[in-house]
Amino acid sequence: MIVRSFDELTDTDRHIKTPNWHSKRIVLAREDVGFSLHETVLDAGTINDFWYANHYEAVLCVEGEGELLDKETGQTYSISPGTMYLLDKHDHHQLRPKTQMRMICVFNPPVTGAEVHDEHGVYPLLVEDADGNLVRQDMPAG
Ligand code: 9YT
């Protein structure tokens, strides 16, 4: 069993910071359970274009309010605590927090911690080989 808190991840290698949002990955691929679990805090007034071409993601809002644009359909949704969105089709989307938003996110396959968003806003699919080396398995987006 593993027990840990988001507080103890502050400023560790599990805490990723970008200009618009920061994220703590409390479960990663290294735990070897088939998913990763993150807490992402997004700043008010930011515009965030995301696309997880190689991952499924569920996002549960636990604090704050904002708008979610499904760029595949043009539909906009209001997101507030208790609302979840599931990117079951690797959907291109845009999240626009009106206030600071705190989101709990689950990724399948799990994020390893080494991914950075590429120029398309995509995380590459990284898997660990038998020697623990990270290997890129997806086709780069183009
Ligand atoms: C809101 C959202 O999509 N968060 C994704 C997780 C975050 N980008 C991360 O931990 O890398």
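Owing to the predicted nature of the structure, the values given are computational and were not obtained by experimental measurement.

## What to know about the pattern of salt bridges
- The final tally for this structure, using the stated rule, is 9 salt bridges.
- Close ionic contact of Asp13 with Arg30 constitutes a salt bridge, the shortest N to O distance being 3.6 Å. Placement of Asp13 in the segment before strand S1 (15–17) and of Arg30 in the loop between strand S2 (21–27) and strand S3 (36–42) is noted, with a sequence separation of 17 residues between them.
- One network of salt bridges, in which partners are shared, links Arg4, Arg14 and Glu31.

## Some thoughts on the sheet that holds S2
- The strand order across the open sheet formed by 6 strands is S1-S2-S3-S10-S5-S8, and the pairing between neighbours is antiparallel. Edge positions in the open sheet fall to S1 and strand S8 (84–87), since each of these has one partner strand only. Mean inter-strand twist for the sheet, computed between neighbouring axes without regard to direction, equals 20°.
- The pairing of S3 with strand S10 (residues 101–108) spans 7 bridges and is antiparallel. If you follow Leu37 over to S10, its bridge partner there is Val106.

## Quick word on the sheet that holds strand S7 (residues 76–79)
- As summarised here, the arrangement of the 4 strands in space is S4-S9-S6-S7, forming an open sheet in which the pairing is antiparallel. Of all the strands in the sheet, just strand S4 (48–50) and S7 have a single pairing partner and so form its edges. Averaged over all adjacent pairs, the angle separating strand axes in this sheet is 25°, with direction ignored.
- Where strand S6 (residues 66–70) meets S7, 4 bridges bridge the pair, whose relative direction is antiparallel. Looking at S7, one finds that Leu68 is bridged to Tyr77.

## Here we look at the side chain of His15
- Summarising the element assignment, His15 is placed in strand S1.
- Judged by relative accessible area, which is 12%, His15 ranks as buried.
- Here Asp11 takes part through its backbone nitrogen, which lies 2.9 Å from a polar atom of the side chain of His15.
- If sequence neighbours within four positions are ignored, His15 has contacts with Leu9, Thr10, His22, Ser23 and Lys24.

## Considerations on the environment of Asp43
- One can find Asp43 in the loop between S3 and S4.
- The spacing of Asp43 and Pro19 is 24 residues in sequence and 8.7 Å in space, taken between C-alpha atoms.
- Once residues within four sequence positions are removed from consideration, Asp43 is found in contact with Pro19, Asn20 and Pro97.

## Topic: the nonpolar core
- One finds Leu42, Ile79, Tyr85, Leu95, Met101 and Met103 to be the most contacted residues of the largest nonpolar core, which totals 17 residues.
- Counting only elements with at least two residues in this core, the list comes to strand S5 (56–63), S8 and S10.
- The element best represented in this core is S10, accounting for 4 residues.
- With residues up to four places along the chain from it excluded, the contact list for Tyr85 reads Glu57, Ala58, Val59, Leu68, Ile79, His93, Leu95 and Met103.

Rules and cut-offs
Residues numbered from 1 in each chain as written. Predicted model: local features only at pLDDT ≥ 70, side-chain atom pairs only at ≥ 80, totals over all residues. Heavy atoms only, no water. Salt bridge = Lys/Arg side-chain N within 4 Å of Asp/Glu carboxyl O. Helix = DSSP H or I, 4+ residues; strand = E, 2+ residues; numbered from the N terminus. Pairing = 2+ DSSP bridges. Axes fitted to C-alpha atoms, helices over the stretch in contact; angles between N-to-C directions. Buried < 20%, exposed > 50% of the residue type's maximum accessible area, 1.4 Å probe, protein only. Polar contact = N/O pair within 3.5 Å; in protein donor to acceptor, adjacent residues only side chain to side chain. Contact = heavy atoms within 4.5 Å. Core = buried A, V, L, I, M, F, W, Y, C linked by side-chain atoms within 4.5 Å.

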